[in-house]
Amino acid sequence: QVQLVESGGGLVQAGGSLRLSCAASGRTFGGLTFDSHTMGWFRQAPGKEREFVAAISASGAWTYYADSVKDRFTISRDNAKDTVYLQMNSLKPNDTAVYYCAAKKGTSFYSDSGQYGYWGQGTQVTVSS
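About the criteria used
- Residues numbered from 1 in each chain as written.
- Predicted model: local features only at pLDDT ≥ 70, side-chain atom pairs only at ≥ 80, totals over all residues.
- Heavy atoms only, no water.
- Helix = DSSP H or I, 4+ residues; strand = E, 2+ residues; numbered from the N terminus.
- Rg over C-alpha atoms; globule rule 2.2 N^0.38 Å.
- Buried < 20%, exposed > 50% of the residue type's maximum accessible area, 1.4 Å probe, protein only.
- Contact = heavy atoms within 4.5 Å.
- Areas by Shrake-Rupley, 256 points an atom, 1.4 Å probe, with all protein chains shown as cover.
- Lys, Arg positive; Asp, Glu negative; His and termini not counted.
- Charge placed at Lys NZ, Arg CZ, Asp CG, Glu CD.
- Disulfide = S-S within 2.5 Å.
- Core = buried A, V, L, I, M, F, W, Y, C linked by side-chain atoms within 4.5 Å.
- Pairing = 2+ DSSP bridges.

(A) Molecular detail of the overall build of the protein chain. Helix and strand counts for the protein chain come out as 0 helices and 13 strands. Reading the helices (α) and strands (β) of the protein chain from amino to carboxyl end gives β-β-β-β-β-β-β-β-β-β-β-β-β. Computed over its C-alpha atoms, the radius of gyration of the protein chain comes to 14 Å, within 12% of the 14 Å expected for a compact globule of 129 residues. Across its three principal directions, the C-alpha atoms of the protein chain cover 45 × 25 × 25 Å. A total of 129 residues make up the protein chain; the buried ones form 42% of that total. Long-range contacts, defined here as pairs at least 24 residues apart, represent 57% of the contacts in the protein chain between residues at least 6 apart. When the accessible surface of the protein chain is totalled, it reaches about 6500 Å², and 47% of it is carbon and sulfur. Computing the positive centroid from 12 side-chain charges and the negative centroid from 10, the protein chain places the two 2 Å apart.

Listed below in structure tokens is the structure:
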């Protein structure tokens, strides 16, 4: 079955930057290819519910961001490598969380975690003050 694997997390000081990567192993999702799916990033902090961070359409033409990260984070994808990225700049302590990538069909309800059928294992991001 298709797997999503995140990498690039770690410990960083407030104001610093990290770039997360999410690579898909296997080229199909339910018989369709990686480049036919919307990709999203979500995060979950200790004691908090999972929240939407960013999403990108199948072609990469459209991107969407939560208000809390807009102008600081950038989502991108390289369909030739079956990989999606999250560039995180000006990190704040409240960005600390486990970050997950996910995949879904279509572009509607991109911020709803329930619409994503494929999930990675998560990567820890810790921002110190």
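(B) Representation of the state of the cysteines in the model. A complete count under the given rule lists 1 disulfide for this structure. The disulfide that involves Cys22 links it to Cys101, with 1.9 Å between the sulfurs. Judged by the sign of its S-S torsion, about 50 degrees, the bond between Cys22 and Cys101 is right-handed. Here Cys22, found in strand E3 (residues 18–25), pairs with Cys101, found in strand E11 (residues 97–105); they are 79 residues apart in sequence, far enough to count as distant. With respect to burial, Cys22 and Cys101 carry one shared label: buried.

(C) Molecular detail of the nonpolar core. In this structure, Trp41, Val53, Phe73, Leu86, Met88 and Tyr99 are the most contacted members of the largest nonpolar core, which totals 31 residues. Only E3, strand E6 (37–44), strand E7 (51–56), strand E9 (73–78), strand E10 (83–88), E11 and strand E13 (123–128) provide two or more residues apiece to this core. In contact with Met88, not counting residues within four places along its chain, are Gly16, Ser17, Leu18, Leu20, Arg72, Phe73, Tyr99 and Val125.

(D) Main features of the pairing of strand E1 (residues 3–7). Burial of the side chains of E1 is restricted to one face: Leu4 and Glu6 are buried, whereas none of Gln3, Val5 and Ser7 on the reverse face is. Sheet analysis places E1 next to E3, joined by 5 bridges and oriented antiparallel. In the strand pairing of E3, Leu4 is matched with Ala24.

(E) Inspection of the environment of Gln115 at higher detail. Along the chain, Gln115 turns up in the loop between E11 and strand E12 (118–119). Judged by relative accessible area, which is 40%, Gln115 ranks as partly exposed. Separated by 33 residues in the primary sequence, Gln115 and Asp82 place their C-alpha atoms 20 Å from one another. Setting aside residues up to four positions removed in sequence, Gln115 forms contacts with Lys104 and Phe109.

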